[in-house]
Amino acid sequence: MTTISTPTNSSVHAPRPVRELPPLPGASAQRELATRARKTLGMDERCSRSFAYLWADPADISAQVSRPRRMRIPGATLLFVEGEAWATSVIADVDNPRIGSMVEYPLAAEAAGRVSLYQRATSPVTSGPAELCISAASRQDLVAQLETAMNLTRANNDLNPPVSQQGIMDAPIAVMTRITFQDGASEIVLPVVREGTSRTSHAQRQLGLSASELLFTYPASSTPLRRKLDELSELISMPDSALSDEQRAQARCMVIPLIVIVGAITDSTASGLDLAGAVEIKIGQEHINTKRPWDDAARSGKLASSCVAAAARHGISQVDTDAKRAWLCGEITSSEAQRLGVSRLQPDDRFADLVFLFTTAQDRVRKAIREPIFLDLEKPERRGARIRRSTKVPLAVELVVRGLRGGVMTAEAAERMASVLTAGADTSIGSWVPSSKPVSELLHEALAERAADAPERPATTELRVRGLYYLARYDAIRGPRNDVGPGGDRRSVAALLEDMAATERGLQLLARAIEDGRRNTAPTIVDESGQALAAGHGGDATVTHRWLRESGFPRGAATSAADPLEGRLGTVNTAVLALEAAIADLSTLSLDDGTPVVEQDGVENLRAKAWMDKLDDIRQQVGQWRDRYIERRLMSTPDVTNQAEPVPPVVA
């Protein structure tokens, strides 16, 4: 296969000629624009002044304010104005999702026993027809977060051609944003770039602008801007041969094209979509400049945060306050979450809530979580993919590990934990909902479910989910080994957990893992009664992944020799898992550009039809067996009709 390379050296692009800078606008033009923004767009005094101060040609924007331009997004129409703006008058996104996997979240710092460099600002919410609002702990915290975001963004995304030679070519997208401070400092209103942070940050570095200057010096008065314009105008009036490359770069970056979103018209008031939600949709759809692709963790983190925000907009109980949303997303520490009224603060509480949100079959939750994912899959490079449980579980897991990455875990260790959690978290078949029950009560109910051979086992499922978190956290469970033969064990993490949950000792061990993990200790090996076993050194024996597979719950041990049907059902279960693994392995054969060969070439029609027919036959046969099982349960258990009707698993 021939790969065609395209030259990327910036020298192939002719630098943009340096042009004369526009003069500072007159105060009357700025006042006229501010007045129109208040009357037409619903901005208040402070917001309208900041909006008017932004533009190099306020008269041009005044004409647009009366009839804003429109851009269509799924579910709404965004209103916007576009023109030339001062690079000194906008700030980059302080929470740029591109760098989500590189930033240490407060929860991770807390887990490592240290204080974060800054307290993160809250996520944007709608505060007016044309503005959003965020809240920062203090001015110092906001400066530190913006400086970090700008530095990491520039380091993670080298633009080609560089802004030093071309300036900003594609207009960043900004929204007027009110920033309040929890320590009582005076609020500010600034245009915050929500799409195009990389371009903006690179341009502002060429101008030598710091986060503090962008936040507080330039917005305070016109004097710093006037001084900067006079300085650059004097420079570019010199002979071209006398200018350095750095001076030319500053002249090219001082005035930038900019789009400012000034409103949103939703298709339906019943959708609950507001300006903040509409902007999130736009960010999810648009990546204007040619950029280095986001890494998987950053992409998953951004998409997962959008899903949780969508659930919050729909009033889902797990995220019915902003504090709960921020806690699940790892944006605040447990102590801060407690102060804000969050009651369930254990790490396994976060994990259980996130797994539930991203895997439950409850229609209202499922629809809310699917909205941002559906928009992501509409992108050309992902079109045709389906929203499956396997699509959603990694998103929940990314939000979990961001609370550890960089704190108590290296990025590599966090990635290993994420792979185990992803493989084992898809256990929420049925009608379970995360509870606040003590571990002892969960264990008691799970043991009762096992004794009754209950068709629905919500307590067992919850015990598995919570126990999995700590087993993975302490590296006590890993993926399947590659060995084969009589002594081999290629069970998936989910299959191993299933074997554990099928025994009394396994349920006891999962419960003990939760209790140990909440005490910040590694999971302890227990017997069938839940008593800890002693290690050779005299202390409690701790669980290891090798012990789990070879001694604790070896392959085939959960199958009763006295029940030949159970043994053959286990064989079918292994075959189903092997088929799933084979399908996944098929997708690993890729072209040079990373596209799976099977997705490009497809599967020959007759072969695909034969597979589908066989799978349909198997599905019908298994469905009949399931119906027969339920029928016999109804006949043998008189009070089973009083139980809640099981919620069917998601078929996404």
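A. A look at the nonpolar core. In this structure, Phe-358, Leu-471 and Ile-477 are the most contacted members of the largest nonpolar core, which totals 75 residues. It is helix H20 (residues 458-473) that provides the largest number of residues to this core, a total of eight residues. When residues no more than four places from it in sequence are discounted, the contact partners of Ile-477 are Val-420, Leu-468, Leu-471, Ala-472, Val-493, Leu-496, Leu-497, His-545 and Leu-548. Grouped together as the second largest cluster of nonpolar side chains are 66 residues, Phe-51, Leu-54, Val-143 and Leu-225 included.

B. Structural detail: the packing of aromatic side chains. Taken as a whole and assessed by the stated rule, the structure comprises six aromatic pairs. Seen from their ring centres, Trp-547 and Phe-553 are 6.1 Å apart, and the 85° between their planes marks the pair as edge-to-face. Per residue, the accessibility class of Trp-547 equals that of Phe-553, and both read buried. Here the aromatic residues Phe-351, Tyr-469 and Tyr-470 are joined through ring pairs into a cluster of three or more. One Lys or Arg, Arg-350, reaches over the ring of Trp-327 and ends 5.6 Å from the middle of that ring. Above the plane of the ring of Tyr-474 lies Arg-473, whose end atom (NZ or CZ) is 5.0 Å from the centre.

C. Expanded view of the layout of surface pockets. Reported here for the second largest pocket is a volume of approximately 670 Å³. Around the second largest pocket, the lining comprises 37 residues; the ones closest to its centre are Ser-123, Pro-124, Glu-280, Ala-309 and Arg-325. For the lining of the second largest pocket, the elements supplying multiple residues, two or more each, are strand E3 (125-128), strand E4 (131-136), strand E6 (188-195), helix H11 (275-285), helix H12 (296-313) and helix H13 (322-328). In terms of residue class, the lining of the second largest pocket is built from 15 nonpolar, ten polar and twelve charged.

D. View of the side chain of His-202. Here His-202 lies in helix H7 (residues 197-206). With residues up to four places along the chain from it excluded, the contact list for His-202 reads Arg-154, Asn-157, Asp-158, Leu-159 and Val-163.

E. Focus on the confidence of the model for the protein chain. Per-chain confidence: the protein chain averages 83 in pLDDT, with 86% of residues scoring 70 or above. Looking across the protein chain, the model is least confident in helix H24 (residues 564-586), with a mean pLDDT of 74, and most confident in strand E5 (residues 173-181), with 96. This model gives residues 1-12 a pLDDT under 50, and the stretch forms eight contacts once residues within four places in sequence are excluded. Overall, residues 378-384 carries pLDDT values under 50, and its contacts beyond four positions in sequence, including any with other chains, amount to nine contacts.

F. Helix H23 (residues 545-552), seen in detail. For H23, the full list of buried residues reads Trp-547, Leu-548, Arg-549 and Gly-552. Against the buried residues of H23 lie helix H21 (493-501) and helix H22 (504-518).

G. Representation of the packing of H20 against H22 in the model. Two elements in contact, H20 and H22, have axes separated by 8 Å at closest approach and are oriented at 50°. One finds that H20 runs oblique with respect to H22. Both H20 and H22 take part in a crossing whose hand is left-handed. Contact residues: Thr-460, Leu-463, Arg-464, Arg-466, Gly-467, Tyr-470 and Leu-471 in H20; Leu-507, Leu-509, Leu-510, Ala-511, Ala-513, Ile-514, Gly-517 and Arg-518 in H22.

H. Structural view of the packing of helix H15 (residues 347-359) against H20. Between H15 and H20, whose axes approach to 9 Å, the crossing angle comes to 125°. Relative to H20, H15 is oriented oblique. Handedness of the H15/H20 crossing: right-handed. Residues Pro-347, Asp-348, Asp-349, Phe-351, Ala-352 and Val-355 of H15 lie in contact with H20, whose contacting residues are Val-465, Arg-466, Leu-468, Tyr-469 and Tyr-470. Split into classes, the residues belonging to the contact of H15 with H20 amount to eight nonpolar, no polar and three charged.

I. Broad picture of unusual backbone geometry. Of note, the phi angle at Asp-475 is positive, near 55°, even though the residue is not glycine. Secondary-structure assignment places Asp-475 in the loop between H20 and H21. On the basis of relative accessible area, Asp-475 is assigned to the partly exposed category, the value being 36%.

J. Just the pairing of strand E1 (residues 69-73), in detail. As judged from the five bridges shared by E1 and strand E2 (residues 76-86), these two strands associate in the antiparallel manner. Bridge pairing links Arg-72 to Thr-77 in E2.

K. Examining empty space enclosed by the protein more closely. In total, this model carries two cavities of 30 Å³ or more according to the counting rule given. Counted as a void, the second largest cavity has a volume near 60 Å³. Val-94, Asp-95, Asn-96, Ile-99, Gly-100, Val-103, Tyr-105, Tyr-118, Arg-120, Gln-145 and Ala-149 together form the lining of the second largest cavity.

Rules and cut-offs
Residues numbered from 1 in each chain as written. Predicted model: local features only at pLDDT ≥ 70, side-chain atom pairs only at ≥ 80, totals over all residues. Heavy atoms only, no water. Core = buried A, V, L, I, M, F, W, Y, C linked by side-chain atoms within 4.5 Å. Buried < 20%, exposed > 50% of the residue type's maximum accessible area, 1.4 Å probe, protein only. Helix = DSSP H or I, 4+ residues; strand = E, 2+ residues; numbered from the N terminus. Contact = heavy atoms within 4.5 Å. Phe/Tyr/Trp six-rings, centres within 6.5 Å; stacked < 30°, edge-to-face > 60°. Lys NZ or Arg CZ within 6 Å of the ring centre and 35° of its normal. 1 Å grid on protein atoms, 1.4 Å probe; cavity = no way out; pocket = protein on both sides within 12 Å on 5 of 7 lines; lining within 4 Å. Points joined across faces, edges and corners; volume = space filled by probe spheres on them. Nonpolar A, V, L, I, M, F, W, Y, C, P; charged D, E, K, R; others polar. pLDDT = per-residue confidence, 0-100. Axes fitted to C-alpha atoms, helices over the stretch in contact; angles between N-to-C directions. Parallel < 35°, antiparallel > 145°, perpendicular 65-115°, else oblique. Left-handed = near helix turned anticlockwise from the far one by under 90°. Pairing = 2+ DSSP bridges.

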